[in-house]
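Residue strings, one per chain:
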Amino acid sequence: MPFTKVSAILKEADLHHTSALAFNCVDYTTASSVVHAAEAVGKPVIVMLYPEHSYKNRFCSLEGFASMVKSLADKASIPVGLHLDHCSDYAYIISAVKAGFPSVMYDGSMLPVEENIVNTKKVVETAHILGAEVEAELGHVGFASTKTDQFNEDMYTRADVAARFCAETGVDSVAVAVGSAHGFYKTAPKLDLGRLEEINAATDTPLVMHGGSGIPSDQVALAFEKGINKFNVGTEFFHLYHTTLHEFYKQYGTEGDFFDIPVYVQKRLQEYLVKKLELCRM
Ligand code: 13P
């Protein structure tokens, strides 16, 4: 089927009191594994691209990536969304929309709130005219490698500010900081579920959780019940991709048939993805 709007996927998730899963992808192997695994379990899914993977066409162009995922979505039996992840560059975001991304993230989470509001609003206004949707971030989801970011409540999202932020920007979804962080956790995260509940009560805008790699599944389930509708996973997926390639070379060395690599890798990625997608209860 054609691309499904990310907002429609999140709305459906909300009706089921659960969250859609969104995976950072970088190439055909990762994106096709995501779409095929979602088809295998009959769940919607969102493919995301980090701008770092397309800047200056390092790994792929925006147009190339968007049309590759579009062709996967067109043939898929489940709803597939496409989203540009974390970007704070207005011009690049708009170029992504023009290149075929129906959903983009403007990340102004490092800025003072008022500046984040002004910039997010500007991106929303333009993106909406062009028919695209926008995710923003309020509070700041830091990095697990710092050991401290995930526990720093000064970086967490406040419910009253979230209500104002969403109303003033007209954003389609908002990433919240409630104890998750990007990368592999050095210390197990402890999500502030009370705060999440308050934020969810303060705004009707769908809530997004970043830093989905390594959060214990009992906490993930509670976060979904308490209002998360989009759950981003990157690190553990990329890590599996790379370790599986290493495994292939270790197992077959130079004797391996290199035509087999994509099949070998996709099988392992899909096994992981099928399990991960079970978190989504729809
Ligand atoms: P992880 O890499 O920690 O899974 O987080 C991914 C993410 O939040 C992408 O926006």
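Notes on the structure in this doc start here. (Residues numbered from 1 in each chain as written. Predicted model: local features only at pLDDT ≥ 70, side-chain atom pairs only at ≥ 80, totals over all residues. Heavy atoms only, no water.)

1. Observations regarding the side chain of serine 180
Part 1 of the reasoning: Residue placement: serine 180 occurs in the loop between β6 (173-176) and α7 (193-202).
Part 2 of the reasoning: Residue serine 180 is classed as buried on the basis of its relative accessible area of 4%.
Part 3 of the reasoning: At 2.7 Å, the side chain of serine 180 and the backbone oxygen of histidine 210 are in polar contact.
Part 4 of the reasoning: Ignoring any residue separated from it by four or fewer positions in sequence, one finds serine 180 in contact with Val141, Gln150, Tyr185, Leu191, Met209, His210, Gly211 and Ile215. (Helix = DSSP H or I, 4+ residues; strand = E, 2+ residues; numbered from the N terminus. Buried < 20%, exposed > 50% of the residue type's maximum accessible area, 1.4 Å probe, protein only. Polar contact = N/O pair within 3.5 Å; in protein donor to acceptor, adjacent residues only side chain to side chain. Contact = heavy atoms within 4.5 Å.)

2. As for the packing of helix α6 (residues 159-169) against α7
Part 1 of the reasoning: In contact at an axis separation of 8 Å, α6 and α7 are set at 35° when each is read in the N-to-C sense. Handedness of the crossing formed by α6 with α7: right-handed. Across the interface between the two elements, Ala159, Ala162 and Ala163 of α6 pack against Glu198, Ile199 and Ala202 of α7.
Part 2 of the reasoning: Considered class by class, the residues forming the contact of α6 with α7 number five nonpolar, no polar and one charged. (Axes fitted to C-alpha atoms, helices over the stretch in contact; angles between N-to-C directions. Left-handed = near helix turned anticlockwise from the far one by under 90°. Nonpolar A, V, L, I, M, F, W, Y, C, P; charged D, E, K, R; others polar.)

3. Observations concerning the pairing of strand β2 (residues 45-49)
Part 1 of the reasoning: Counting buried residues along β2, five of its five residues qualify, which places the element largely inside the surrounding structure.
Part 2 of the reasoning: In β2, alternate side chains face the same way, and those of Val45, Val47 and Leu49 on one face and Ile46 and Met48 on the other are all buried.
Part 3 of the reasoning: Bridging between strand β1 (residues 20-25) and β2 involves four bridges; their strand directions are parallel. Its bridge partner being in β2, cysteine 25 is matched across the sheet by leucine 49.
Part 4 of the reasoning: In the classification by handedness, the crossover that spans β1, the intervening helix α2 (residues 28-41) and the parallel β2 is right-handed.
Part 5 of the reasoning: Taken together, the five bridges between β2 and strand β3 (residues 80-87) define a ladder with parallel strand orientation. Residue leucine 49 lies in a different strand from β3, and its bridge partner there is leucine 84.
Part 6 of the reasoning: Read from β2 through helix α3 (residues 62-75) to β3, the crossover connection turns out right-handed. (Pairing = 2+ DSSP bridges. Right-handed = clockwise from strand over helix to strand, strands pointing away.)

4. Structural notes on α2
Part 1 of the reasoning: Here α2 contains 14 residues, and its C-alpha end-to-end distance of 20 Å stays within 8% of the 20 Å for a straight helix at 1.5 Å per residue.
Part 2 of the reasoning: Looking only at α2, the buried set comprises Thr29, Thr30, Ala31, Ser32, Ser33, Val34, Val35, Ala37 and Ala38.
Part 3 of the reasoning: Looking at the buried residues of α2, the elements they touch are β1, β2, α3, β3, α9 (235-252) and α10 (261-277).
Part 4 of the reasoning: In this structure aspartate 27 caps α2, since a side-chain oxygen of it lies 3.3 Å from the backbone nitrogen of threonine 29.
Part 5 of the reasoning: Phi turns positive, to about 65°, at glycine 42, one or two residues after α2. (Expected span 1.5 Å × (residues − 1).)

5. Thoughts on the site of the ligand
Part 1 of the reasoning: What surrounds the ligand is a group of 15 residues, the closest being Asp85, Gly183, Gly211, Ser213 and Thr235.
Part 2 of the reasoning: Residues belonging to the shell around the ligand are distributed by class as follows: three nonpolar, eleven polar and one charged. (Near = heavy atom within 4 Å.)

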